[in-house]
Every structure is written in structure tokens, then in C-alpha cells.
Amino acid sequence: MSDVAWMDATGQAKLVQRNEVSPAELVDEAIARIEKLNPQLNAVIHELFDRARAEAAGDLPEGPFHGVPFLLKDLGAELAGTPLSEGLAFAGDYTSTVTQELTRRYVQAGFVVCGKTNTPELGILPTTEPRRFGASRNPWNTEHSTGGSSGGSAAAVASGMVPAAHGGDGGGSIRIPASCCGLVGLKPTRGRNSLAPQYGDLLGGLVCEHVVTRSVRDSAAILDATAGPVPGDPYWAPPRHGTSFAGAAALAPPRLRIAVMTESPSGSEVHPDCVAATRQAAALCESLGHHVEEAALAVDGDAFVGHFINAWAAGNAWAVYDWETRVGRTASEADLEPLSWALVELGRSINGGQYLVAVQGLQKITRQIADYFEGIDVLLTPTLGEPPAPLGTFDSPPGEPLAGLFRAAAYVPFTPPFNATGQPAISLPLHWNEAGLPIGVQFVGRFGDEETLLSLAGQLEQATPWAERRPPVSA
């Protein structure tokens, strides 16, 4: 079944629908691939193999992905009765007591959860190297990072363990690993996927959850299966324009006005490989009939970074408090990695007024960006400021615990602004550099308009069939 391993989730589901393969066979083969590849990649940290085999052999929901193997990131999307640690040693052997609505919708869609994937401690860094579980390794080059914080999920999908896996994105954590591992990574519009029942929003609305996939149609069809509010959600995404996201992904878009930005909003240096990938993507868009122009997005990068870090730090202080209530004890400095502890202490030092000033500042920048999008359909940028980083790049030296975070800011200047604005943004694997490492490019749409992004992404996928590429470490 090696060919099946490289089918996307939609393709695998069609095999089940035609009775060419059973859910049990798909799950057994996925487990075999995880067992083979995980010692090299460290993508899956909690195995749920017995549970998955029992579910695959039973009465699965008759959803669109009936019988397709799937993985959950070990942060968010809780599944009752399974481990949850968010990269924390402090979590101990904690077991989730609730199933998040998003997870329930994955299950109702027919997915079979086979395990949970690695993530940095509290999802803080754009690399997946938690002290508790060790580093996930990039299947394109195992000395390089998978990105983060959905790095375990990205390594699993890129290597062929499963066709799709859950991810969450609070500053780029779906798009970053998608770029590093050569995948499709869509951050939906804020509120598109519910965070119920545990949360109304996370980190002041910065966090959205979805998946990493190998195909555009999977990202679209999975969003069709999971999107929609739950009563009590504090806000909802606007209704989609058409009948389905999958339908949008299958249709070529009209002529779009695409603005291109290769300069970092924060003024940090952008690697030539990332600039080249973006310029090539712009040329491809132009060859497909779209109008391409230089972006004139005027944002105060220093102000944005200051507001974002304050909001992020306050959110991490909350996250540790939330964990303290779960496990019934107070966290100490020894319980967390030095960067995490420093960020939590920073968050605790920020009073309510300072936090709300940060929210106000981010909302002001959001309005500036929204005004600019009145004159364009899509913004094109590099996903990252650099190619996939070597492992250890974001380690902080003794006595400088925040150094890794500041280093990360230069690595990911293009993704966090669109967590603040809540706009949909997608990283597409349109380029590989001379070292054989994937270089993603980011397309950003208007608030509520995933359909334009998915339509354009589908068109680009037809023009550049990236799914034919296989990493050195793969099924």
C-alpha cells in the first residue's frame, strides 16, 4: 500500500467509499509507517494505536473522511481520555477530561485518531524542540527544524505517516511548519473553527486551529467538515460566499489583484531564497493572468512587535495559570524551560491596563491593514524570513532566556500580523532551494475570504504539482 500512503485524505477516503480498502487496513498501514519513521523524526509523542485499531474495526461515522488515519497536535483539540501535555514536563501524566468541538467534528467526519504530535513547550517557539520530548526532525533534512509549533504534525504529514494532521496557529504555527516541511498550511479566518467548549478565544483572538495537508483540496474539504460556530462563541466568522470551500478550491479564480511584499514589516533581513521564492510565485501568478503589483503596506513594525509580545506574554502567563488549575499545584521556575518561565514572568508583570493597550494597538494596526485590502484581493509574502533553520537555532544561552524569542522574531516577521488581524492566510510549497529544503510562500486574503485563497491555491497547485516531491525520510 505504498501508493496509498502518498494519496491525500480525499483520495484515501474514496478508496474506502469504493470498498477497495477498509478503514482497518488504512489505519494498520499508517501505524506501520509511524513505527518505521518516528524513530528518525520524533513526530508522534503519544501513541493511540490500540484505540485507533478498535475504532477502525467498529462503526465509524459515515463522514467524508470515513476511515482515514489522522493525528492531533498535543496542544488544543483535546480528546477525552487521552494524554495532553503541550510540551510541558509540568503537565505530568495529565489526561484530557473533555473533547473539544473541533476534535468531535474531526471524528464525525470519519477520521481515525492514531496519536498526538510533538509541539514546543506551550507552543511558544517556531521550532519543535521541547525539553520534555526532544526535537522533531525535518524529513527533508533531519538536521533542520520542522518549524513550530505544529512541527510534529508537519513532519508526520510530509513523511507520509498520515495524509493530514491537526495544527494550531497563534503567530504562524500552521504556516511556519508547512513552509519548513513542504506542505499546505491554511490559517482560517478568526472564529471559522470553534474553540468550544473550553475557550471562547485564545490569546485575545490570536489563535486559530485547522490542519496541515499535502493538497489544497484536503485543506478545503476538512474546513468544510469543521467550520461553523457553537452557541456561546464570542464571535463568528462571516458565512462563506459559495456552497463549499472544496468547491472554491476546484474552481480557477477570476483575475485577481495581487500585491507582493518581500521586505520584513519589522525591518529584519530576509534571506535571498525566501525573496526568490516569492518573486517566482509572483511571476507564476502573473503568467496565470493575475495583476501583480508591489505592496505598499505601511505598518509600524516596531509598534506591532511590542504590542504582540505583550499580548503573547500575557497569554502565556494565563496558560500556566490554566495548567496550575488542571494539575492542582503551583508551577515553579524548575517546572518550565527558561524561555517559557521568562515569558510567563513578563506576562505576570503586565497589568490589565497595559494588556488592553496592547490589544488596542493591535486593533489599530488591524484597521490599517484592512483599509489596504480594500484595494487588493490578495497579499503575497514569504512565509518565513529564512529557510528551515538548523536545530538549536532558537536555543537561549545561559542568563539570556529571551534570546531565543528575539531570534524567532527575525525568523517569522511575515506571519504574526495576520493572527492579529484575524485574516485567512495560507502557506504553499512553491519553491525548494539548492540545498533541497522547502521554501513556502504566504498568500493573505481579506477577512472571511478563504475561498479566494483556496481558489488561487488550487490553480497554483495545478501549475506546480508539489505533491510529486518526496523527502529523503519518507514512507
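Residues numbered from 1 in each chain as written. Predicted model: local features only at pLDDT ≥ 70, side-chain atom pairs only at ≥ 80, totals over all residues. Heavy atoms only, no water.

For aspartate 377, the location among the structural elements is in the loop between α13 (352–372) and β9 (378–382). Within the structure, the side chain of aspartate 377 is placed 2.8 Å from the backbone nitrogen of arginine 257, a separation counted as a polar contact. Reaching out from aspartate 377, the side chain makes a polar contact with the side chain of arginine 446 at a distance of 3.3 Å. (Helix = DSSP H or I, 4+ residues; strand = E, 2+ residues; numbered from the N terminus. Polar contact = N/O pair within 3.5 Å; in protein donor to acceptor, adjacent residues only side chain to side chain.)

Here the focus is the nonpolar core. Core analysis: the largest hydrophobic core is formed by 118 residues, its most contacted members being Leu379, Ile426, Leu428 and Phe443. The element best represented in this core is helix α11 (residues 301–327), accounting for 9 residues. (Core = buried A, V, L, I, M, F, W, Y, C linked by side-chain atoms within 4.5 Å. Buried < 20%, exposed > 50% of the residue type's maximum accessible area, 1.4 Å probe, protein only.)

Below, the discussion takes up the pairing of strand β6 (residues 208–213). Of all the 6 residues making up β6, 6 are buried; the element is thus mostly covered by neighbouring parts of the structure. As paired elements, strand β4 (residues 164–169) and β6 share 6 bridges and run antiparallel to each other. In the strand pairing of β6, glycine 167 is matched with histidine 210. Both strand β5 (residues 184–187) and β6 contribute to a ladder of 2 bridges, which runs antiparallel. Residue valine 184 lies in a different strand from β6, and its bridge partner there is threonine 213. (Pairing = 2+ DSSP bridges.)

What follows deals with the side chain of glutamate 78. Secondary-structure assignment places glutamate 78 in the loop between β2 (69–73) and α5 (101–108). The exposure class of glutamate 78 is buried, given its relative accessible area of 3%. Among the polar contacts made by the side chain of glutamate 78, one reaches the side chain of arginine 326 at a distance of 3.0 Å. Not counting chain neighbours up to four residues away, the residues in contact with glutamate 78 comprise Leu84, Ser96, Thr97, Val98, Thr99, Gln100, Thr103, Gln198 and Arg326. (Contact = heavy atoms within 4.5 Å.)

Moving on to the environment of alanine 467. The residue alanine 467 is located in the segment after α16 (450–463) in this model. Between the C-alpha atoms of alanine 467 and glycine 92, which are 375 residues apart in sequence, the distance is 38 Å.

Scanning all chains against the criterion turns up 11 aromatic pairs. Every member of this aromatic cluster is reached through a ring pair, and the members are Phe65, Phe70, Tyr106 and Phe111. One cation-aromatic arrangement involves arginine 326 over tryptophan 323; the distance from NZ or CZ to the ring centre is 5.0 Å. Over the face of the ring belonging to tryptophan 432 we find arginine 469, whose NZ or CZ atom lies 4.1 Å from the ring centre. (Phe/Tyr/Trp six-rings, centres within 6.5 Å; stacked < 30°, edge-to-face > 60°. Lys NZ or Arg CZ within 6 Å of the ring centre and 35° of its normal.)

Shape is all these values report; function is a separate question.
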